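Understanding the architecture of this molecule
Listed here are the chains, written in short residue letters.
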Amino acid sequence: MKKIIGGNWKESGNGDTFKMLSELKEEQFQGLEAFVAVPSIYIARACREFPAYLSTAAQDVSTYADGAYTGEVSAGMLKEHAVKYVIIGHSERRIHFGEEDSDIAQKLRRCLEYGLCAVLCIGETAECRNTGQHRAFLYNELKASVGGSHKVEVDIAYEPIWAIGGSREIDIEQIKEITQEIRKWMVDLEITGRVLYGGSVNIKNIRQIINIESVDGVLVGNAALSSEFGEIASNMH
Ligand code: PGA
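Residues numbered from 1 in each chain as written. Predicted model: local features only at pLDDT ≥ 70, side-chain atom pairs only at ≥ 80, totals over all residues. Heavy atoms only, no water.

1. Brief notes about the layout of surface pockets
Its boundaries defined by the atoms lining it, the largest pocket holds a volume of some 590 Å³. The wall of the largest pocket is formed by 23 residues, among which Pro39, Gln59, Asp60, Arg93 and Phe97 lie closest to the centre. Per-element accounting of the lining of the largest pocket gives the leading share, three residues, to helix 4 (residues 91-96). When its residues are assigned to classes, the lining of the largest pocket shows nine nonpolar, eight polar and six charged. (1 Å grid on protein atoms, 1.4 Å probe; cavity = no way out; pocket = protein on both sides within 12 Å on 5 of 7 lines; lining within 4 Å. Points joined across faces, edges and corners; volume = space filled by probe spheres on them. Helix = DSSP H or I, 4+ residues; strand = E, 2+ residues; numbered from the N terminus. Nonpolar A, V, L, I, M, F, W, Y, C, P; charged D, E, K, R; others polar.)

So, in structure tokens, the structure goes:
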């Protein structure tokens with residue numbers, strides 16, 4: 001199975017970031033599956049301009065199929081633009097926009113209806129981890145975010161909230177332990193898909209992360225805004 005690298009520009013990126021991406025080298029991504037999730041205003045441009053080895057991803061999708069929902073972008077529109085991946089349930093959407101597990105389950109259904117590859121993010125807060133409740137929390141978050149769907153195909157990104165931010169210290173043993181657990185939970189919940197890690201992935205820690213057997217790939221935030229994205233990819237081979 002190919003390793004996967006996803007970038008997430010969040011509410012960043014501009015013409016210069018497109019230029020930076022166009023200057024990355026195809027060899028850096030050889031043998032990998034790669035995508036970049038751009039703000040919705042840039043989706044059409046990304047679909048036109050991204051090199052063939054880089055798929056366009058959306059950072060979110062509407063829970064609704066279509067209709068009078070000002071500001072929303074539907075799964076059908078993403079499909080029409082040849083978007084391949086959709087990130088759902090990112091902690092920033094959960095925290096700043098009040099997304100609930102039930103909304104995310106609905107978004108997942110929309111992605112599946114339209115044949116879009118969903119990347120579902122789950123992650124605990126520092127407080128949750130410090131009180132030792134993270135395993136139970138993550139299992140429940142995963143279960144509720146797939147909303148009781150069985151035999152669902154979705155990639156899971158483990159993104160501890162305290163590790164997000166581009167330059168946080170990460171703990172390889174913790175990533176190993178939780179991604180192994182996630183694999184077991186996926187069997188239990190009849191989910192098939194890959195397991196990604198996200199949170200302060202950078203050129204210094206990528207080798208250690210990708211060498212973890214239970215990690216199939218990474219989701220990169222801050223470092224996806226610069227040429228470091230290509231360097232991270234080169235170190236995944
Ligand atoms: P980061 O973001 O790489 O900047 O920590 C990761 C994410 O939010 O997916």
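The discussion continues.
2. Digging into the site of the ligand
Every residue lining the ligand is accounted for by Lys10, His90, Glu159, Ile164, Gly165, Gly166, Gly199, Ser200, Val220, Gly221 and Asn222. One of the side-chain nitrogen or oxygen atoms of His90 is found 2.7 Å away from an oxygen atom of the ligand. In this structure, Gly166 approaches the ligand through a main-chain N or O atom, which is 3.0 Å from an oxygen atom. Alone, the ligand offers 280 Å² of accessible surface; in the complex the protein occludes 98% of this. Among the residues making up the shell around the ligand, the classes are represented as two nonpolar, seven polar and two charged. (Near = heavy atom within 4 Å. Polar contact = N/O pair within 3.5 Å; in protein donor to acceptor, adjacent residues only side chain to side chain. Areas by Shrake-Rupley, 256 points an atom, 1.4 Å probe, with all protein chains shown as cover.)

3. Section: the pattern of salt bridges
Inspection of the entire model under this criterion finds 18 salt bridges. Across the pair Glu99 and Arg93 runs a salt bridge, and its minimum N-O distance is 2.8 Å. Of the residues examined, Arg93 reaches a relative accessible area of 24% and is grouped as partly exposed. Measuring nitrogen to oxygen at the nearest pair gives 3.1 Å for the salt bridge that ties Glu113 to Arg110. Linking Glu113 with Arg110, this pair stays in helix 5 (residues 101-113), spanning three residues, or about one helical turn. Here Arg110 falls in the buried class, since its relative accessible area comes to 14%. Several salt bridges converge on common partners, so that one network encompasses Glu33, Lys84, Asp155 and Arg194. (Salt bridge = Lys/Arg side-chain N within 4 Å of Asp/Glu carboxyl O. Buried < 20%, exposed > 50% of the residue type's maximum accessible area, 1.4 Å probe, protein only.)

4. A word on the side chain of Thr17
Residue placement: Thr17 occurs in helix 1 (residues 15-22). With sequence-adjacent residues up to four places away left out, Thr17 is seen in contact with Trp9 and Leu225. (Contact = heavy atoms within 4.5 Å.)

5. Focus: helix 1
Along helix 1, the residues that are buried comprise Thr17, Phe18, Met20 and Leu21. The buried residues of helix 1 occupy an angular sector of 160° when projected down its axis, which confines them to one face. Residues of helix 1 that are exposed and point over 90 degrees away from its buried face: Asp16 and Ser22. Contacts from the buried residues of helix 1 go to strand 2 (32-38), helix 2 (43-49) and helix 10 (228-234). (Arc of directions from axis to C-beta.)

6. Quick word on empty space enclosed by the protein
Counted under the stated rule, the structure contains one cavity of 30 Å³ or more. The calculated volume of the largest cavity comes to roughly 30 Å³. What lines the largest cavity is Arg129, Tyr158, Pro160, Trp162, Ile170, Asp171, Gln174, Ile175 and Tyr197. In terms of residue class, the lining of the largest cavity is made up of six nonpolar, one polar and two charged.

7. Notes on the side chain of Ser74
With respect to the helices and strands, Ser74 occurs in the loop between strand 3 (55-58) and helix 3 (75-80). Here Met77 takes part through its backbone nitrogen, which lies 3.1 Å from a polar atom of the side chain of Ser74. The contact partners of Ser74, leaving out residues within four places of it in the chain, are Val61, Ser62, Tyr64 and Ala65.

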